[in-house]
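# Breakdown of the fold
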Amino acid sequence: MPSEKRKNPESVLVVIKRTKYELDLEAYSSEEELKRIAHIQNDSFSRVYNSHQRQLQSREELKRIFPKGVFIFREELDNLDISNFDLVIALGGDNHFTYVAHHALDNLVLGCNSDPETSVGALLSFHMGDIAEAVSKNWENTNLEEWPRINVKIEYPDGQAIETFQGISEISIRNNSPDLTSRFLIFHENESEEQKCSGLLVYTGAGSTGWVMSCENKDVSFDKQAPYFKVYCRELRKKENQKYKLDHFTVRNSFRLISEMRGGISIDSLAERIYDFPPGAKADFSVSPERLRVVVKKHG
């Protein structure tokens, strides 16, 4: 971590994701009803509750490490000016990390896995013990990485234009109905193509260990700091004797889509970040000149 940040290590905001137990308890009328539903769902109550307890322990441990830190649930981010915090810690999983990062584009961000027993956390460099060690060593055992972000601009047929939240991990473009084909015109550099498939994935190095890995069924990961993103066409509809040119390609500047469907653009798999993509809408995806600054553990 940069030396100027070490001068004020207590200027920390910890953003907490509610546990599945907490969310389910809100959704159902009582713990008894929650247990009844969980019993139907592969008798999952004990697993969910035990994870809840471990995540509560993670919260308490962070409060011990940062006694002057500010602790909030992520729902409070919209009502808080976080510009004065040197470091924002996302305590949860990968999806929570990207949600927090959307609000902390000008801060240093650190991802901490709240329950490593049940979560891999590909975007999360830290477990609880790692943070305690980093603080004890004045952050000397950490590095600062700069991850690329994806700009997305959508122009609608009525002339309205918007810029979405920036993509950090992966962006999905697909038909609103999962049973219908996704259709669009795709333009990249000097190539253009009409495609029909189950949807596009646009992903950075941070997203290269996720959804697209399952689609390809092989390791397609690349450096989280690589200054480009890639585009992958899922379940491309094959035509006899046709060789597609834009089924999986690298974007160092930008590419464009024109929608031929009633679709949507989902940023980082977040329900709060889905944008309409109706027929005739144009979307431009480009590498942002800005970077997400992420604190990570040193390797080795």
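Criteria and cut-off values
- Along each chain, the written sequence defines residue order, and numbers are assigned to residues from 1.
- Totals for whole chains, interfaces and linings use all residues, but because this is a predicted model, local features are given only for residues with pLDDT of at least 70 and pairs of side-chain atoms are given and counted only at 80 or more.
- Side-chain numbers come from the whole structure's heavy atoms, not from hydrogens or water.
- Relative accessibility thresholds used throughout: buried, under 20% of the residue-type maximum; exposed, over 50%; partly exposed, between the two (1.4 Å probe, protein chains only).
- Put simply, DSSP H or I for four residues or longer makes a helix, DSSP E for two residues or longer makes a strand, and each gets a number counted from the N terminus.
- For this quantity, the arc is that covered by the directions from the helix axis to the C-beta atoms.
- Working rule for contacts: check all heavy atoms of both residues, and any pair within 4.5 Å makes them a contact.
- Here a polar contact is taken to be a pair of N or O atoms separated by no more than 3.5 Å, where protein atoms must pair a possible hydrogen donor with a possible acceptor and residues adjacent in sequence count only if both atoms sit in side chains.
- In these notes, a set of buried Ala, Val, Leu, Ile, Met, Phe, Trp, Tyr and Cys residues joined through side-chain atoms within 4.5 Å is what counts as a nonpolar core.

Along an α-helix, residues three or four positions apart point the same way, because every turn accommodates 3.6 residues. Those residues of helix α3 (residues 31–40) not exposed but buried are Leu 34, Ile 37 and Ala 38. Down the axis of α3, the buried set is contained in an arc of 100°. They therefore lie on one face. Exposed residues pointing more than 90 degrees away from the buried face of α3 are listed as Glu 32, His 39 and Ile 40. Each element contacted by the buried residues of α3 is listed here: α2 (20–27) and α4 (45–65).

So, on to the environment of His 102. By the secondary structure assignment, His 102 is in helix α5 (residues 94–103). Excluding residues within four positions of it along the chain, His 102 makes contact with Phe 165, Gln 166, Ile 168, Ile 267, Asp 268, Leu 270 and Arg 273. Polar contacts involving the side chain of His 102 include one to the main-chain carbonyl oxygen of Gln 166, which spans 3.2 Å. Here Asp 268 takes part through its side chain, which lies 2.7 Å from a polar atom of the side chain of His 102.

Where a protein is soluble and globular, its nonpolar side chains tend to be buried together. With 30 residues, the main nonpolar core has Ile 173, Phe 255 and Phe 285 as its most contacted residues. Residue contacts for Ile 173: discarding those within four places in its chain leaves Gly 199, Leu 200, Val 202, Leu 257, Met 261, Gly 264, Ile 265, Phe 277 and Phe 285. By size, the runner-up hydrophobic cluster in this structure holds 23 residues, among which are Val 88, Leu 124, Ala 206 and Val 296.

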